[in-house]
Amino acid sequence: MKKKTLKAEMWDKVQYIFKNYYDGMMHCAFEYEGIVDENVMRKALKQVVDRVDVLHSSFVANPINPYWVVNYDYTEEEVLKVIEDDDFVAEIQKILTRRINCEDKLQFEFTLLKGNNRSLLCFLINHMCFDGRDFMSFGKTVCETYNGLKADPNYKAKVKNGTRSAKQVYNDLPPELARKAKLLYKNVSRTNIKLKFPFEPEKDTDKSHIMKVELEAEALAKAKARGKKDGFTVNDIYLAAFFRAIVKFFDGVDGKTPTEITSMLDLRRYINGNDTAGYTNLTSYMPCKLTCGAGDSFAETLERVRTALKPHKENPLLGLSGLPLMALAYQVFPFAISQLAVKIGYTNPLVGMSNIGVIRSENIDLVDAPAINAFMTGTVKYKPYMQVACTTFKGVATFTISEKCSDNDLAKMKEFLDYMTGLIRDYGEEKI
């Protein structure tokens, strides 16, 4: 019997090509008060995974036209691993820093940690399957299904399973804007600014780590309130703090050195309902370039960030540049050749930020175990690339740097995030 296959979409291919820059995994953890029912969670996960074909598929890097082969020979037991251990901090590092091979039968690893009347649900998913926004959607659907099964054993998961094509971004645009968007061949990923985090030289002993620092809810609320008064968004404040940390920690950088941070941008803003039809990647880049440097103070950096982002925010087609160029490369060339073309034409940002957004407690609370903490982070980067990711849960912002690095590098990353969050705290306290 012929196996079912799925077309490899544009961002599936891009994530595959960029696997030498990062591990290609997305990481998420939901912490609960109480013990999650592992049998019901297995059923919930199996129901949802069954409906998202790409999660139980193997990638075939065909040199002409790559595709996914859908697998059905997996069980509830394979879907969820259960561990009993009180040391959540140590276990979560082990679980979330593993890597899944895209050729494997399943493109995920889900683990339930239980101990001391607490539960930790960990998600590890191949980024080729979908992006951070759909990662959030997936987690919400799993929790909804768990709660549904708790109330009714015959409950059936409600899962979106439409097209994964990146072309859906054009469907709801006004015709004239859609026509312009499809002609935006400019490559926004290229930059002449090559600043790098001061990592130690790469070593065979380097390991994957997730460095995590939290900013308490009260401090974030104060920063938001002052930002609203001063006319700055939370993202502006985060970027300004990031730029100031670069000035402090990066070698040879001062307030006059040209600096750039590339943010990830969710393109669902162009789709009615702000959601894709199926689980997929639909992201782009938004560079924030301070050509005259970050300046000499936090206030000056904030103003420069606002000025740099103003034309982006006023652009009705923000983030759509370069997508037609990438799509053309895959259409014109066989996959083996297009890999070289994309590597030559597209630059993976050396310094990036991904503000993934708010994880809402009402979306992940379980009927028998309320959520008490949650965070999500992007891929583990390889030197010299680095990215700060952020999610917010119950008003607490969690900043992470995921990196394959040394213990000394890890200590530097902790200092970097402590300094960055300290600046946000001081801004809210009107100390800077």
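That block above? That's the structure.
Described below are features of the structure shown in this document.

Re the pattern of salt bridges
Throughout the structure, instances matching the rule amount to 32 salt bridges. Measuring nitrogen to oxygen at the nearest pair gives 3.1 Å for the salt bridge that ties K150 to D37. Placement of the pair is K150 in helix α5 (residues 132-151) and D37 in the loop between β2 (25-33) and α2 (38-51), with a sequence separation of 113 residues. Assessed through its relative accessible area of 34%, K150 is described here as partly exposed. Its salt-bridge partner being K414, residue D418 comes within 2.7 Å of it at the nearest N-O pair. Remark: K414 and D418 occur in helix α13 (residues 407-428); sequence separation between them is 4 residues, near one turn of the helix.

Points about the packing of helix α8 (residues 234-249) against helix α9 (residues 298-313)
It is the contact of α8 with α9, at a shortest axis distance of 9 Å, that shows an interaxial angle of 125°. Viewed along their axes, α8 and α9 adopt a mutual orientation that is oblique. In this structure, α8 meets α9 at a crossing whose hand is right-handed. For the pair formed by α8 and α9, the contact residues are D236, I237, L239, A240, A241, F243 and R244 on the first element and F298, T301, L302, V305, L309 and K313 on the second. Of the residues belonging to the contact of α8 with α9, the class tally is 9 nonpolar, 1 polar and 3 charged.

Cut-offs used in this document
- Residues numbered from 1 in each chain as written.
- Predicted model: local features only at pLDDT ≥ 70, side-chain atom pairs only at ≥ 80, totals over all residues.
- Heavy atoms only, no water.
- Salt bridge = Lys/Arg side-chain N within 4 Å of Asp/Glu carboxyl O.
- Helix = DSSP H or I, 4+ residues; strand = E, 2+ residues; numbered from the N terminus.
- Buried < 20%, exposed > 50% of the residue type's maximum accessible area, 1.4 Å probe, protein only.
- Axes fitted to C-alpha atoms, helices over the stretch in contact; angles between N-to-C directions.
- Parallel < 35°, antiparallel > 145°, perpendicular 65-115°, else oblique.
- Left-handed = near helix turned anticlockwise from the far one by under 90°.
- Contact = heavy atoms within 4.5 Å.
- Nonpolar A, V, L, I, M, F, W, Y, C, P; charged D, E, K, R; others polar.

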